[in-house]
Amino acid sequence: MQIDRVLKLILVTVVMATVTVSLGAVPRITVEVEDDPAVDISPLMWGLFIEDINFAGDGGLYPEKVKNRSFEFERPMMGWQILRKDGAKGDVLLYRYDKQPRNPNYAQFRVKETGGGFGLNNEGFRGMGIRKGAGFDFTIQARKVEGSISALRVEIINSEGKVIGKGKVSGFEAGKWKTYETELTATETAAKATMNLWVEGTGKLDFDMVSLFPHDTYKDRENGLRPDLVKMMEDMKPGFLRFPGGCIVEGFDLSQRYQWKNTIGPLDERVVTINRWNFEFQHKPAPDYYQSYGLGYYEYFQLAEDLNAEPMPILNIGMACQFNTGELVPVDELGPYIQDALDLIEFANGPADSEWGSVRAEMGHPEPFNMKMLGAGNEQWGPQYIERYKPFVDSIKAHYPDIQIVAATGSDATIFPNGEEEIDYLWKQWMKLDPEIVDEHFYRTPDFYLENVDWYDDYDRSGPKLFVGEYGAQSVGVASPDNENTWRTALYEAAFLIGFERNADLVRLSSYAPLFGHLDAWQWKPDLIYFNNLDVFGSANYYVHKMFSTNPGTHMLTATVDDKPKTSDGIEGLHASAQLDKDAGEVIIKVANATKKAQKTSVNLSGAGEVGGEAKVIILKSGSLKDFNTIDNQKKIYPEEFTASVTGPDFEYEFAPLSFTIIRVPVE
Ligand code: AHR
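Anyway, here's the lowdown on the structure attached to this text.

Cut-offs applied
Residues numbered from 1 in each chain as written. Predicted model: local features only at pLDDT ≥ 70, side-chain atom pairs only at ≥ 80, totals over all residues. Heavy atoms only, no water. Helix = DSSP H or I, 4+ residues; strand = E, 2+ residues; numbered from the N terminus. Buried < 20%, exposed > 50% of the residue type's maximum accessible area, 1.4 Å probe, protein only. Polar contact = N/O pair within 3.5 Å; in protein donor to acceptor, adjacent residues only side chain to side chain. Contact = heavy atoms within 4.5 Å. Axes fitted to C-alpha atoms, helices over the stretch in contact; angles between N-to-C directions. Parallel < 35°, antiparallel > 145°, perpendicular 65-115°, else oblique. Left-handed = near helix turned anticlockwise from the far one by under 90°. Near = heavy atom within 4 Å. Nonpolar A, V, L, I, M, F, W, Y, C, P; charged D, E, K, R; others polar. Phe/Tyr/Trp six-rings, centres within 6.5 Å; stacked < 30°, edge-to-face > 60°. Lys NZ or Arg CZ within 6 Å of the ring centre and 35° of its normal. Expected span 1.5 Å × (residues − 1). Pairing = 2+ DSSP bridges.

### Let's talk about the side chain of R143
Along the polypeptide, R143 turns up in strand β9 (residues 135-147). A relative accessible area of 15% means that R143 is categorised as buried. Among the polar contacts made by the side chain of R143, one reaches the side chain of Y106 at a distance of 3.3 Å. Polar contacts involving the side chain of R143 include one to the side chain of D206, which spans 2.8 Å. Not counting residues within four places of it along the chain, the set of residues in contact with R143 comprises Y97, Y106, E173, G175, K176, W177, L205 and D206.

Here you go:
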C-alpha cells in the first residue's frame, strides 16, 4: 500500500483520547464487536434471479446462433430468407410432421435449377456474434426425398457479405431422418454475422433442427452456455439461483405458461413456446422472441450447481399473470399442476432409477441436484392465490416435508390494483400458513430506496423469513424505456441493501431483477448486466450487488451512526452496517454516503480485542448521480481497491462524496 494513498484517504489510527478531543464534531460509527454474535448471515443472502427477458436466454446465455432452428415460431419462416442467385429456381416448403407432436414443423428444399445458387439465410439473434478463430458445430436433421441434392454448403458471412467461415454436409440418405454435421472455424470477428445454406444439386430434401453452436461454452458443457455471461454471474458468488421467472412462469395466459416438462430431454423434443415478453411492451415489441428451451430446467439446475448456488425453481400454481389475463385453473382441476411440482422434486432429487430421476440421469446427471426450495407462484395475489396455494403446498409437504416453500406477496404495492390492501391481506395469510420464505418485490423510484433503508426494521419477527426476490430502482418509471442504471439508482440501492444486512435475522435472501439485457433486444430496463453479441459489461448496480455478495460476512453486528439505532436516522445520509467474518477474522463495515460532501467520521470497533493489520478498502463512487456505465465506457463506475494499515479499534475515515465503501478490518 502506498503511504500517500493512505494519507489522501485519511484512514489513520488514533488513540481514544484524541478521538474525544479532536473528533467530537464528526459523525461516529460504532460497531459492537461480539465474539459470538447471535445472528448468522444467511449464506444465501446474495443470489441471482434469472428470467428469459431481454433475450437473456435465447440470443444471450444460450449461445445457439440460429434463430428459429426448428421452424416452430408462429410464422415458421421467421428469421429465414430464401436465397436465389442468377436464375436459381426453387422453393422452401413447410410441413407438419404428426409423428413428432412436440416439434412438428420441418422444412423442405425443392430445387429445380441451382443457377448461381439456391439456399437459405438465417439472420441470428440480431445477427450472430462470431470471434476470429472460434469453432462451431453445424448440425442439421435431414432426409432425402427425391432427386440429386448431394450437399449443403454452410457459410458464415459478415455484414459486408464476406465469407468468414465455411463447411459442408453431404451424403443425405433417403427415408430416415439423420443428423448431419460439420465443423467451421471463423477467420474473422463479426458482431452481426449471418449464416447461409447453399444447396448442391436439384430435387427435394427435408430438413429440421438447423444449428450453429459454438465450441466454447461455460465449463465446456455440451449444449452449454455463453462463458463470458456466466462469468459475470460466477464473479458474484451467488448463494442461490432463482429461475426461470418472473412473469414467464405465469404466462400471458395459461397456454403460454412455463411448463418444465416441455424444457427437458433431447433438444428436438422440447416444445418451443412464445416468450411472453414478445408482445408485452408497446415500446419494445419483439415478434421474434420465443423460447427454444435449449436452456431448460436441466440446464438451469446444472448452472446452479456450477455456480455453487442453491437452485430455486418457481412453479406456476394454476394462475396466469394477473397483470394480463389472470386466467385461473379451477381449484378442483389443479391436479396436473400439483403433479408437475411433485415430479419436479423427483426430477431434481430422486434416485437415478426413479421415474423422473431417470430422465435426469439420462440427460447426464445421475446424482441428485439436491433442491431444497420451491417457489409457489411468482407475483400472485388475492384470495384466488391462497385458494390454490393451500392444496398445492399441502400436497408437496405431505410428500416432501423438507422442501422449503417460497410464497409470494405479489408485486409492490404501487402497481397493485388495490395497493397496500393486497399485501396486508397476503401477510395475514402468511402469518397463519407459515411458509418458510416470503418473497417481496420492489420496482420503485430511487428515492424510495433511500427513504426506506429502515423498511425491515419493524417487521414482525414471529413470521416467515424474507426473500427480496426482485428489486431495482427505476430512474424514470417502472420498466420505462428511458430508465438508466444511473449512479443514483445504484447508490440508493446500496443504502437499501445495508438495511437488509441490518435485518439479517429476517432478510435471508435477495436478488436484483432483471439480470440481463441485450443491448439490441431488451424489453425492460434497468438491468444488472448488459451484453451484445460479443461483449458484456456490468452496470453500477452490478458492482454494488457484487460488493455485497463477495463481502457477506458470517454474522451480523450492530452498527450505529452517532448512537442512532436505525439507519434512517443516520447522520446526513450516512448509512452503515457491519458484519463479522469469522472465517477471515475480519470486521466488515459497509457505508453508503448519499451526500455530495466528503464525510469525515470516527469509527469505533467497540469491544473488539486485538485490532490491527492491513485493512482492505473497496470504494465505488461517481461524481454525478446521473452517471452510468455504457458499452463504450464500461468502467466509468467501477470499484477501486486498496489496503490501509489499522493499528487499533478507533480510527478516522473520510467517506468520499456519493460513495459506497466497504472496509474489512482484521480483528482477533
Ligand atoms: O423482472 C421483470 C418482471 O418484473 C418479472 O418477470 C416479474 O416478476 C416482475 O413483474
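That shown, we press on.
### Digging into the packing of helix α8 (residues 383-399) against helix α9 (residues 420-433)
The geometry of α8 relative to α9 is characterised by a closest axis approach of 10 Å and an angle of 20° between their N-to-C directions. Looking at the two axes, α8 sits roughly parallel to α9. Crossing of α8 over α9 shows right-handed handedness. Contacts between α8 and α9 involve P383, Y385, I386, Y389 and K390 on the former and, on the latter, Y425, L426, Q429, W430 and L433.

### Looking at the site of the ligand
Surrounding the ligand, one finds E51, G246, C247, W277, N378, E379, Y443, E470, A513, P514 and W524. Between an oxygen atom of the ligand and a side-chain N or O atom of E470, the distance comes to 2.8 Å. Taken together, the residues that form the shell around the ligand break down as 6 nonpolar, 2 polar and 3 charged.

### Description of the packing of aromatic side chains
In the structure shown here, the tally under the stated rule is 55 aromatic pairs. With centroids separated by 5.9 Å and ring planes inclined at 80°, the aromatic side chains of Y385 and Y389 adopt a geometry described as edge-to-face. Note that Y385 and Y389 are positioned in helix α8 at a spacing of 4 residues, about one turn of the helix. The same class applies to Y385 as to Y389, namely buried. Relative to F496, the ring of Y449 lies with its centre 5.1 Å away and its plane at 85°, an arrangement referred to as edge-to-face. Linking Y449 in helix α10 (residues 446-451) with F496 in helix α11 (residues 487-502), this pair joins segments that are 47 residues apart in sequence. For the cation-ring pair, R143 lies above Y106, with the distance from its terminal atom to the ring centre recorded as 5.4 Å. The ring of W277 has R276 sitting right over it, with the charged end atom 4.7 Å from the ring centre.

### Considerations on the environment of N418
For N418, the location among the structural elements is in the loop between β20 (404-408) and α9. The partly exposed category is assigned to N418, whose relative accessible area is 42%.

### A few points about the packing of α11 against helix α12 (residues 540-549)
Running from N to C, α11 and α12 cross one another at 20°; their axes reach a closest spacing of 8 Å. Between α11 and α12, the interaxial angle falls into the category roughly parallel. As α11 packs across α12, the resulting crossing turns out to be right-handed. Along its contact with α11, which presents W487, T489, A490, E493, A494, L497, I498 and E501, the element α12 presents A540, N541, V544 and F548. Looking at side-chain class alone, the contact of α11 with α12 contains 8 nonpolar, 2 polar and 2 charged residues.

### Some words on helix α6 (residues 335-349)
An ideal rise of 1.5 Å per residue puts 21 Å on 15 residues; α6 measures up with 21 Å between its terminal C-alpha atoms. Listed as buried for α6 are Y337, I338, D340, A341, L342, D343, L344, I345, F347 and A348. On the buried face of α6, the contacting elements are α5 (297-306), β18 (310-315), α7 (355-362), β19 (373-376) and α8.

### Let's talk about the sheet that holds β18
Strand order in this open sheet of 8 strands is β3-β15-β18-β19-β20-β21-β22-β23, and the pairing throughout is parallel. Edge strands, defined here as strands with exactly one partner in the open sheet, are β3 (48-49) and β23 (507-510). In terms of strand pairing, β19 meets β20 through 3 bridges, oriented parallel. Counterpart to M373 in the pairing with β20 is Q404. The strands touched by α8 within the sheet are β18, β19 and β20, with β20 carrying the most contacts at an inclination of about 175°. Against the sheet, α11 touches β21 (437-442), β22 (465-471) and β23, its axis set at about 165° to β22.

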